[in-house]
Each structure stands twice: as structure tokens, then as C-alpha cells.
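Below, each chain spelled out in residue letters.
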Amino acid sequence: MEPSIAVELAVRYLLVMLFFPFSALDKILNFRGAVGQAREIAPSEGVATLLILAGLFVEIVMPLGILTGTADRLAALVMAGYCMVTALLWKQFWKPGDFWQAGDSKARGLFWDFLKNFSLAGGFLLLTIGTDAGSAAAFLADPFGSSHPYSRLQ
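Only a predicted model underlies this, so the values are computations on that prediction, with no experimental measurement involved.

A few points about the overall build of the protein
- Across its full length, the protein holds 7 helices and 0 strands.
- Taken from N to C terminus, the helices and strands of the protein fall in the order α-α-α-α-α-α-α.
- Put simply, 63% of the contacts in the protein that link residues at least 6 apart link residues at least 24 apart.
- When the accessible surface of the protein is totalled, it reaches about 8800 Å², and 70% of it is carbon and sulfur.
- Looking at charge distribution, the protein has the averaged site of its 11 positive side-chain charges lying 6 Å from that of its 12 negative ones.

Looking at the layout of surface pockets
- The computed volume of the largest pocket comes to approximately 610 Å³.
- Along the wall of the largest pocket there are 27 residues; nearest its centre are S23, K27, E59, Y82 and T86.
- Elements with a contribution of two residues or more to the lining of the largest pocket: α2 (18-29), α3 (31-38), α4 (45-68), α5 (72-90) and α6 (106-129).
- Class assignment of the residues belonging to the lining of the largest pocket gives a composition of 14 nonpolar, 7 polar and 6 charged.

Focus on a nonpolar patch on the surface
- Among the surface-exposed residues, I41, V47, L51, V85 and L89 lie close enough to one another that they form a single nonpolar patch of about 340 Å² accessible area.
- Put simply, the parts of the chain that give the nonpolar patch at least two residues each are α4 and α5.
- By the element assignment, V47 lies in helix α4.
- Exposure remark for V47: the relative accessible area of 33% places this residue in the partly exposed category.

A word on the confidence of the model for the protein
- Looking at the protein as a whole, the pLDDT averages 93, with 97% of positions reaching at least 70.
- When pLDDT is averaged over each element of the protein, α4 comes out on top at 98 and helix α7 (residues 133-141) at the bottom at 86.

Quick notes on α5
- The end-to-end C-alpha distance of α5, which contains 19 residues, comes to 26 Å, matching closely the 27 Å that a straight helix rising 1.5 Å per residue would cover.
- Looking only at α5, the buried set comprises D72, R73, A75, A76, M79, A80, Y82, C83, T86 and A87.
- Where the residues of α5 are buried, they touch α1 (3-16), α2, α4, α6 and α7.

Quick look at the packing of aromatic side chains
- Enumeration over the complete set of coordinates arrives at 11 aromatic pairs.
- Ring geometry for F19 versus F124: centroids 6.1 Å apart, planes at 50°, classification tilted. Of the two residues, F19 is situated in helix α2 and F124 in helix α6; the sequence distance between them amounts to 105 residues.
- Pairing F93 with F114 gives two aromatic rings, centres 5.1 Å apart and planes at 70°, and the pair type is edge-to-face. Residue F93 is located in the loop between α5 and α6, and its partner F114 is located in helix α6; the two are separated by 21 residues in the primary sequence.
- Taken together through their ring pairs, the aromatic side chains of F93, W94, F99, W100, F111, W112, F114 and F118 make up a single cluster.

Cut-offs applied
Residues numbered from 1 in each chain as written. Predicted model: local features only at pLDDT ≥ 70, side-chain atom pairs only at ≥ 80, totals over all residues. Heavy atoms only, no water. Helix = DSSP H or I, 4+ residues; strand = E, 2+ residues; numbered from the N terminus. Contact = heavy atoms within 4.5 Å. Areas by Shrake-Rupley, 256 points an atom, 1.4 Å probe, with all protein chains shown as cover. Lys, Arg positive; Asp, Glu negative; His and termini not counted. Charge placed at Lys NZ, Arg CZ, Asp CG, Glu CD. 1 Å grid on protein atoms, 1.4 Å probe; cavity = no way out; pocket = protein on both sides within 12 Å on 5 of 7 lines; lining within 4 Å. Points joined across faces, edges and corners; volume = space filled by probe spheres on them. Nonpolar A, V, L, I, M, F, W, Y, C, P; charged D, E, K, R; others polar. Patch = residues over 30% accessible without salt bridge, like charges linked within 9 Å, V, L, I, M, F, W, Y side chains within 5 Å. Salt bridge = Lys/Arg side-chain N within 4 Å of Asp/Glu carboxyl O. Buried < 20%, exposed > 50% of the residue type's maximum accessible area, 1.4 Å probe, protein only. pLDDT = per-residue confidence, 0-100. Expected span 1.5 Å × (residues − 1). Phe/Tyr/Trp six-rings, centres within 6.5 Å; stacked < 30°, edge-to-face > 60°.

So this is what it looks like as C-alpha cells:
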């Protein structure tokens, strides 16, 4: 493997490794606990289970698309949305009411997780639209296309 291809793959893996395999594996090994966490916002056990299964799909399939370069820009867009939605639904730092409390607080812990999710979303959006207008136009012209990340490095 050419060094530039290995670097591209490594950088992409750094972006997705939180989800694939770690978060996905945690959901699989602790499925009941994950459903319990989803119950915080879901109206029923069935809806919570569907949310976790949808999360598993996103956390496995989208990172694989990003890593392989298969519809990687669309996969990155889905991951950006996933990060933002999970931040808004489960990292609600404004709810505990102890943000300004001296010492550690639940709200500040949630705040850093909230920011982490939105920062990850920014990284995924860079994969989606790139850093210039031409990249954004290319994505809009063919959202299911691949950026062919490894072919341009040879």
C-alpha cells in the first residue's frame, strides 16, 4: 500500500473510529442498556429499540462507506446529521440547571459532549462538501457518487 493511501485511510479511520467499532460494539454488547438510554426520549420500548437499531445501522454502514470511499460523501453527510441529532437529543446541557455551579456539574459534562458531537459533524461535513465551492457543487451534482479517495493518490 502506497504511504499516501495509508495516510488517507488512517485519517478517515480517526474520524469514524468512535462509531466503528466502539460505539456500535457497545450498543451490541449492552443492547438493553442502550435501549434504556433511548427510552429517555422514546415514547415506548419498541420505538427505543428501533432507534438503537437505526443507530447501529448508521454506526456500521456509514463509517464503512467513508472508509472504502463508497458513496463516502453521502455517508459523511448522514454521519454529520447523526452527530447533531444525538447531541440535541441526548446531550442537553441546558436541562440539569447546574452549569454555573462550582466544581463538577452534569451540565458542563454534557456541554463538552455536545460540542464534541458538533465538532465531529464539522469534520464529516468537510468530507461531504470539501473545502471549496467546486467540491460542494460536485456533491450536489452526484450525492451518491464517491470522492474516490484512494485512486487520486496513486
